[in-house]
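Chains, contacts and geometry: an overview
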Amino acid sequence: MIDDEHDDPIKRGNPAPRLPTRAGPGLAAFDVSTADGATLKAGRSGAGPTIVLISGLGGTAGFWTPVVAGLSQAYEVISFDQRGIGASSRGSAATTIGQLADDVLAVFDAADIESAMIVGHSTGGCIAQTLAAKAPDRVRKLCLSATWLRPSRYMTALFETRLRLLEQDPVAYTATATLISFAPAWLEENWSAYERAVAKAPRTEAERTVVAERIAALLAFDGSGSLPAISMPVSIIGAEDDMIVPAFLQRALSEALPAATLTLLPQGGHFFPVSRTEAFLAHLAGWAASRSDPQDALTGVGCGGQRPADQPSEISRVRR
């Protein structure tokens, strides 16, 4: 089943940035058991400081394939299929952003990780905000990618429309989700990404139920009350042409977290970690390597550090 993410994304035109190389183990799979009986399929690769990747509505570890390939040269990287998605079982707990944050803590425990840097994309950014507020001692740094603080009228209307499409025509649901998730020119040149996504449309009732539950969870999310508990360094990154989580929501999130830094790519669509992998990895390299001194957040470069020499100059920094 695929929704706003896809497995094995095409990397053409997205070579990995020049990250420092460090020898480490290959991908190692492990299982995570939750209190309500779900089993999450997770993987870790690389060696060094730990970065945990949380994917969005689609919930797959596969979304991060090119990102893992770049980061694991210098970091231990952990990703996982969320409950009911891919190889992970559903469990009995209600699907809420809070529950999905608890699942991330279960991944931490299963991997014997005391604390880590967190990257959350889209719905994964909502999960990451909740995790950071719930267990701040376990989150060293936070990168919020294409995410939001609370749904806008635009997002609410968009996802309510997508829900109706999901119920009536799951193939059309997946097709439209893919078309609005990528920049049109990139998708035209990488059309197999569209074909793979449509081939994995949620055709069964069980698959559609999982997607519908996740949409309801993201629409119910409001992170306003969690803001005082988020004290670790935060970097926000988005794309100006994102049609699912528009750039104005990145700016609103930045204004609500005044110590955070904001980076806006001029283009890339909602799935810029896939379509603009090089720029995204360059941003993460600077974020992960930067110091944690709160004063760094005032520099307006990266997540409190200087821009790496190889980071593309096209990245625009903000516009608060």
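Refer to the structure above for everything that follows.
Residues numbered from 1 in each chain as written. Predicted model: local features only at pLDDT ≥ 70, side-chain atom pairs only at ≥ 80, totals over all residues. Heavy atoms only, no water.

**Overview of the packing of helix H5 (residues 170-181) against helix H7 (residues 191-199)**
Contact geometry of H5 with H7 gives a least axis separation of 9 Å together with a crossing angle of 150°. Classified by the interaxial angle, the pair formed by H5 and H7 is roughly antiparallel. Once H5 is placed against H7, the crossing between them reads as right-handed. Of H7, the residues touching H5 (which contributes Val-171, Thr-174, Ala-175, Thr-178 and Leu-179) are Trp-191, Tyr-194, Ala-197 and Val-198. Of the residues in the contact of H5 with H7, the class split is seven nonpolar, two polar and no charged. (Axes fitted to C-alpha atoms, helices over the stretch in contact; angles between N-to-C directions. Helix = DSSP H or I, 4+ residues; strand = E, 2+ residues; numbered from the N terminus. Parallel < 35°, antiparallel > 145°, perpendicular 65-115°, else oblique. Left-handed = near helix turned anticlockwise from the far one by under 90°. Contact = heavy atoms within 4.5 Å. Nonpolar A, V, L, I, M, F, W, Y, C, P; charged D, E, K, R; others polar.)

**Quick look at the nonpolar core**
Ile-118 and Leu-142 are the most contacted members of the largest nonpolar core, which has 59 residues in total. Of all hydrophobic cores here, the second largest spans 34 residues; its members include Ala-146, Phe-271, Leu-284 and Trp-287. (Core = buried A, V, L, I, M, F, W, Y, C linked by side-chain atoms within 4.5 Å. Buried < 20%, exposed > 50% of the residue type's maximum accessible area, 1.4 Å probe, protein only.)

**So, the side chain of Thr-277**
Counting through the fold element by element, Thr-277 comes out in helix H11 (residues 277-289). From its side chain, Thr-277 meets the backbone oxygen of Val-274 in a polar contact 2.9 Å long. (Polar contact = N/O pair within 3.5 Å; in protein donor to acceptor, adjacent residues only side chain to side chain.)

**Brief notes about the pattern of salt bridges**
The full count for this structure, using the stated rule, is nine salt bridges. Between Glu-240 and Arg-251 there is a salt bridge, with its nearest N and O atoms 3.1 Å apart. Separated by eleven residues along the polypeptide, Glu-240 in the loop between strand E7 (234-239) and helix H9 (247-256) and Arg-251 in helix H9 bring together distant segments of the chain. One salt-bridge network, held together by shared partners, links Asp-36, Arg-83 and Asp-103. (Salt bridge = Lys/Arg side-chain N within 4 Å of Asp/Glu carboxyl O.)

**Side note on the packing of aromatic side chains**
Taken as a whole and judged by the stated rule, the model has seven aromatic pairs. With centroids separated by 5.0 Å and ring planes inclined at 75°, the aromatic side chains of Phe-182 and Phe-271 adopt a geometry described as edge-to-face. Note that Phe-182 is positioned in the loop between H5 and helix H6 (184-189) and Phe-271 in the loop between strand E8 (261-265) and helix H10 (272-275), a separation of 89 residues in sequence. Across the pair, Phe-271 and Phe-182 agree in class, each one buried. Ring centres of Phe-272 and Phe-280 lie 5.8 Å apart, and the angle between their planes is 65°; this geometry places the pair in the edge-to-face category. When sorted by exposure, Phe-272 lands in the same class as Phe-280, which is buried. An aromatic cluster of three or more residues is present, and its members are Phe-63, Trp-64, Phe-182, Trp-186, Phe-271, Phe-272 and Phe-280. Taking the ring centre of Phe-30 as reference, the NZ or CZ of Arg-44 above it sits at 5.7 Å. (Phe/Tyr/Trp six-rings, centres within 6.5 Å; stacked < 30°, edge-to-face > 60°. Lys NZ or Arg CZ within 6 Å of the ring centre and 35° of its normal.)

**Comments concerning helix H3 (residues 123-134)**
Across its twelve residues, H3 extends 17 Å between first and last C-alpha, which sits within 8% of the 16 Å expected from 1.5 Å per residue. Judged by how many residues are buried, H3 sits mostly within the fold: eleven of twelve residues are covered. Buried residues along H3 sit against strand E3 (50-54), helix H2 (97-110), strand E5 (116-121), strand E6 (139-145), helix H8 (205-220) and H9. (Expected span 1.5 Å × (residues − 1).)

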